[in-house]
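So you can see what is in the structure, the chains are spelled out below.
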Amino acid sequence: MRGRRMVKIAIIGGGNMGEALLAGFLAEGVATPAGIWVTDVVILAVKPQAMDAVLDGLKDRLSERALIVSIAAGIPLSRITARLGGTRKLVRVMPNTPCLVRAGASAIAISPAVSVEEQALVVRLFEAVGTVVVVEERLMDAVTGLSGSGPAYVFQIIEALADGGVKMGLPRDTALTLAAQTVLGAAKQVLETGEHPARLKDKVASPGGTTIAGLHALEAGGVRSAVIAAIEAATKRSEELGRG
């Protein structure tokens, strides 16, 4: 890593997400256990319910030069600023659990005090564990409802696909492998082709075939509206958490 700037990172909160981020940073070389420390980054990886107590404990210990990154669901930057006081360099990030396998989806929102270089640093850090998008903070609750909570929805869909395979006679391990790989492959096809999912769906569904019969059953079961309702419910819960 000669010639590349290393970053001094403090991760407050040692749960699954904190562990996933640390593993990704080390694997991608954006931080090392030893090296040249040039920038202080503090990552708040605590549960939303614990955030106020953590901020109270950090208030007098954090320099205003520190770049503070919060990954707590639902906690707005304004609430962190009010708790810490002063002019703070704050970034709000909503990652998701596939960061554990470096296939995460992270959205970031930046406070005005953060420089272009510091924003680029945060993007680089979270690209170590997946894909990054930059959004306005007002959209972060919707991000939480979609990609933050989304892996749980997909896990349930994978389980249901596997259950369907078992019902029709497939061994459980075979059904689960086929279900998970099908979801992975379909997602990769959407991302790599850039085609709308509806167009890709139509390419699979031939007239009078098996796929259109299955799609009809999904529509009859209300799968589309149920998924939309799940995202709406999770978004509203994120808004509630933000209000404390």
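So, how was this worked out
For every chain, the first residue of its written sequence is number 1, and the numbers climb from 1 along that sequence. For this predicted model, a pLDDT threshold of at least 70 governs which residues receive local features, and a threshold of 80 or more governs which side-chain atom pairs are given and counted, while totals over whole chains, interfaces and linings are taken from all residues. Values shown for side chains rest on all heavy atoms present in the structure; no hydrogens or waters enter the calculation. Secondary structure follows DSSP: runs of H or I at least 4 residues long count as helices, runs of E at least 2 residues long count as strands, and numbering of each begins at the N terminus. Only protein chains enter the accessibility calculation, which uses a 1.4 Å probe. A residue is then buried if its area is under 20% of the maximum for its type, exposed if over 50%, and partly exposed in between. When charges are tallied, Lys and Arg are placed among the positive residues and Asp and Glu among the negative ones, while His and the ends of the chain are skipped. Criterion for a salt bridge: a side-chain nitrogen of Lys or Arg within 4 Å of a carboxyl oxygen of Asp or Glu. Whenever two N or O atoms come within 3.5 Å, that pair is a polar contact, provided that in protein one can donate a hydrogen and the other can accept it, and provided that, for residues adjacent in sequence, both atoms are side-chain atoms. Whether two residues are in contact is decided by their heavy atoms: any pair within 4.5 Å suffices. Both cavities and pockets are sets of points on a 1 Å grid over the protein atoms alone; in a cavity a 1.4 Å probe fits but cannot get out, in a pocket the set is open with protein on both sides within 12 Å along at least five of seven lines, and lining residues sit with an atom within 4 Å of a point. Grid points are joined across faces, edges and corners, and a volume is the space filled by probe spheres set on the points. Gly falls in the polar group here, along with every residue not listed as nonpolar (Ala, Val, Leu, Ile, Met, Phe, Trp, Tyr, Cys, Pro) or charged (Asp, Glu, Lys, Arg). Only residues whose relative accessible area exceeds 30% and that form no salt bridge are eligible for patches; like-charged ones are grouped when within 9 Å, while nonpolar side chains (Val, Leu, Ile, Met, Phe, Trp, Tyr) are grouped when within 5 Å. The method behind every accessible area is Shrake-Rupley, applied with a 1.4 Å probe, and residues are considered shielded solely by the protein chains displayed.

A. A look at unusual backbone geometry. Although it is not a glycine, Arg-102 adopts a positive phi angle of roughly 55 degrees. Inspection of the secondary structure assignment puts Arg-102 in the loop between strand 4 (89-94) and strand 5 (104-110).

B. Layout of the side chain of Arg-88. Looking at the secondary structure, you find Arg-88 in the loop between helix 3 (77-84) and strand 4. Look at Arg-88: it is buried, it has no salt bridge, and the nearest opposite charge is Glu-64 at 5.1 Å. A polar atom in the side chain of Arg-88 sits 3.5 Å from the backbone oxygen of Ser-63. A distance of 2.9 Å separates a polar atom in the side chain of Arg-88 from the backbone oxygen of Gly-85. Excluding its chain neighbours within four sequence positions, the residues that come into contact with Arg-88 are Lys-59, Leu-62, Ser-63, Glu-64, Ile-68, Ser-111 and Ala-113.

C. A look at the layout of surface pockets. Of the volumes computed, that of the second largest pocket is approximately 550 Å³. Lining the second largest pocket are 24 residues, with Lys-47, Pro-48, Ile-71, Ala-73 and Met-94 positioned closest to its centre. Within the residue set of the lining of the second largest pocket, elements represented by two or more residues are helix 1 (16-28), helix 5 (140-148) and helix 10 (223-242). Looking at which element gives the most residues to the lining of the second largest pocket, the answer is helix 10, with four residues. Considered class by class, the residues forming the lining of the second largest pocket number 12 nonpolar, 10 polar and two charged.

D. Structural detail: a nonpolar patch on the surface. Taken together, the side chains of Ile-157, Leu-161, Leu-218, Val-223 and Val-227 make up a nonpolar region of the molecular surface, amounting to roughly 380 Å² of accessible area. Put simply, the parts of the chain that give the nonpolar patch at least two residues each are helix 6 (150-167) and helix 10. In this structure, Leu-161 sits in helix 6. Accessibility expressed as a relative area gives 43% for Leu-161, which makes it partly exposed.

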